[in-house]
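Commentary on secondary and tertiary structure
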Amino acid sequence: MNNSISLYAFQQLQKNYAKSQEYVGIYRHQIVSLKTEVAILTEKVRMLQEHANHLTKMLFAPKSEKTTNKSPDVSQGSLLDYFDELPECQQEMNTKQEEEAEAETETITFTRKKRRKKGNEESSPVIDRSLVTLVDHPSEDPTEIGEISDHTCACGANMVKTGEKTVTKIEFVPAHFEEHVYHESIYTCPNCSGDPEHCGPILPAALNNQLLPEALPTNNLLAQLVYNKYCCSLPLYRQNDIFVDLGVELSRASMSRWLLDGSELCMPLCDCLLNQIQLGEILNMDETRLQVLREEARANTTNSHLWYMCGGRDGPCRYFYYSISRSGAVATYLIGPFHGYLQTDGYAGYNAVGNQPGIIHVGCLDHIRRRFVATVNACAQTMPLSVSIAQQILNEIRKVYLVERTLRDQNLPADIFLTNRAEMVQPILSTIESYIDKYLPTTPRSSLLGKALSYAHGQWKFLCNYLLHPGLGPSNQLAENGIRPVAVGRKNYLFAGDPRGAKALACYYSLIETAKANDIRPLTYLTYVFDHIRSTPGDRMSVLLPWNCDLAR
């Protein structure tokens, strides 16, 4: 009996043990599953925190991409400090060659260019120096250094002349308006009195060269309105306030109408700028958003776009184009017959254009670098490994800019510059590419570092094309800087009132930025164009291009 009970109890224990083992297996599986889920959620939280840090810095932190030198492994020197750090960086670039070949190191030296002082310069052609009054010393003052004067100090001793000092002052003469009244005689032919084409007034000769002959503003005033709004980002209502203080009230509606009418007369010159760019060898492109009201079948809150092109065959030209679309079809239309090197950012709309026969698509290193800078700034506290990887790539990118700056300062012939740049930059680019290929497969694509590596990998073949031409640089900085005035102006005038106003905006920006590119004062160039464009036939519009005008800054 006791044996039967013991056997039964043992069998029950075995069953219980089997069940417990089964539960242990289930619990272990659940633990593993929960740990995996926790790891996934932790990674999601980390990435969300990473993106939150990035967006917070974009919103509240300084917009500069300079990085601080807090520590050698998580920071990068500023690109603006190249001149001061050139010897150290050049030595770093040659370290590998010294270790492998133990060869002599060629030290690249350069002469620092002295920056031109802004402000009052003796050679400034703007200041009317004929109005300067020289105040000499009173006649009783001695003229020789060291002579005792009649001036007495508070202690009772006579003062001695020890030197002279010249103080330069600039007087501001407020602007003023002048009213010019032209009298015209009206003649009518008795035989053509019913024909309006032959019985109109005969304008005075002084009005023949006015851009808007029968409107209130002269060419000078119209040029000032354009300059204030599109070069100084001063909206028309602010200009009206200034004019009221000067004693003249010009309604905003009237000024707007003048600008629109004047831009339509300047469109042939803008078309000439586009033609010059299409005939050039290098073309830089970019685009930015622009809000335009009263567009057909579009809400006022919908963004349109302003495309920007810079290049030129005979001289530097800048061209802006308004479009409701950002598609690659607009880029294809603008490029037209262009054949050469097209440098852009990584926007996919340029891919179709870059693959056309006769066009070599060139990428931008600035946009690649920008993503790694964002990784360093956003992940410094959460992901030190990502920061370390990004910093390695940034250090190599820095060397690329350093080589470019150093060789440019030497003013080498084009063929020698091209050869030297390829020899010095190609190893650096190969190192960066090896980093990208090494870390890309193991980095989550949704992280900031993963996005930076993916973008760099997709743009790398386009970036390396900049080594093919001496006129190209590693970045699309020319277009990036050229479109910046639009972004500044957009913060002031906010939007264009209608599509016609957007076209006028593009026209005037084209003229102003082209004048700047040719080192001509925009106001001077605008006045010159307005004075001559009515008398210039459409097929001879090239005579109004800046390099064909005898204008000096």
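Heads up: the structure comes first, above all this text.
Position numbers for residues count from 1 along each chain, tracking the sequence in the order it is written. This being a predicted model, a pLDDT of at least 70 is required before a residue's local features are given, and a value of 80 or more before pairs of side-chain atoms are given or counted; all residues contribute to the totals for chains, interfaces and linings. The basis for every side-chain value is the complete set of non-hydrogen atoms in the structure, without hydrogens or water.

1. Some details on the pairing of strand 5 (residues 317-323)
Strand 5 sits mainly inside the fold: six of its seven residues count as buried. Any two strands with at least two DSSP-identified bridges between them are counted as paired. Secondary structure elements are defined from DSSP: runs of H or I of at least 4 residues count as helices, runs of E of at least 2 residues count as strands, and each element is numbered from the N terminus. Taken together, the seven bridges between strand 4 (residues 303-311) and strand 5 define a ladder with antiparallel strand orientation. Note that in strand 5 the partner of Gly311 across the bridge is Cys317. Relative accessibility decides the category of a residue: with a 1.4 Å probe and only protein chains considered, values under 20% of the type maximum give buried, values over 50% give exposed, and everything between is partly exposed.

2. Considering the packing of aromatic side chains
Note on aromatic pairs: the rings of Phe, Tyr and Trp (six-membered ring only in Trp) are paired at centre separations within 6.5 Å, and the planes decide the class, stacked below 30 degrees, edge-to-face beyond 60, tilted for the rest. By the definition in use, this model includes nine aromatic pairs. Above the face of the Tyr493 ring, Lys229 is positioned so that its terminal group lies 5.8 Å from the ring centre. Positioned above the aromatic ring of Tyr347, the side-chain terminus of Arg326 is 3.8 Å from the ring centre. Put simply, a charge is over a ring when the Lys NZ or the Arg CZ is close to the ring centre, within 6 Å, and near the line of the ring normal, within 35 degrees.

3. What to know about unusual backbone geometry
Glycine aside, a negative phi is what most residues show, and trans is what most peptide bonds show. Residue Ala297 is not a glycine yet carries a positive backbone phi of 60 degrees. With respect to the element layout, Ala297 can be found in the loop between strand 3 (282-291) and strand 4. Unlike most non-glycine residues, Leu494 shows phi in positive territory, near 70 degrees. For Leu494, the position within the fold is in the loop between helix 14 (484-493) and helix 15 (499-517). By relative accessible area, which is 48% here, Leu494 ends up partly exposed.

4. Regarding helix 9 (residues 365-378)
Expected helix span is taken as 1.5 Å per residue step, with the number of steps being one fewer than the number of residues. Counted at 1.5 Å a residue, the expected span for helix 9 with its 14 residues is 20 Å, and the 20 Å between its end C-alpha atoms agrees. In terms of burial, helix 9 is a largely internal element, 11 of the 14 residues being buried. Along helix 9, the residues classified as buried are Leu365, Asp366, His367, Ile368, Arg369, Phe372, Val373, Ala374, Thr375, Val376 and Ala378.

5. Quick look at the side chain of Ser510
Mapped onto the secondary structure, Ser510 falls in helix 15. Here the side chain of Ser510 touches Ala506 through a polar contact of 2.7 Å, landing on its backbone oxygen. Apart from the residues lying within four places of it in its own chain, the contact partners of Ser510 are Cys270, Leu273, Arg318, Tyr319 and Phe320. Under this definition, polar contacts are N or O atom pairs within 3.5 Å; protein pairs additionally need one hydrogen-donor-capable and one acceptor-capable atom, and for neighbouring residues in sequence, both atoms have to be side-chain atoms. Contact criterion: two residues are considered in contact whenever any of their non-hydrogen atoms come within 4.5 Å of each other.

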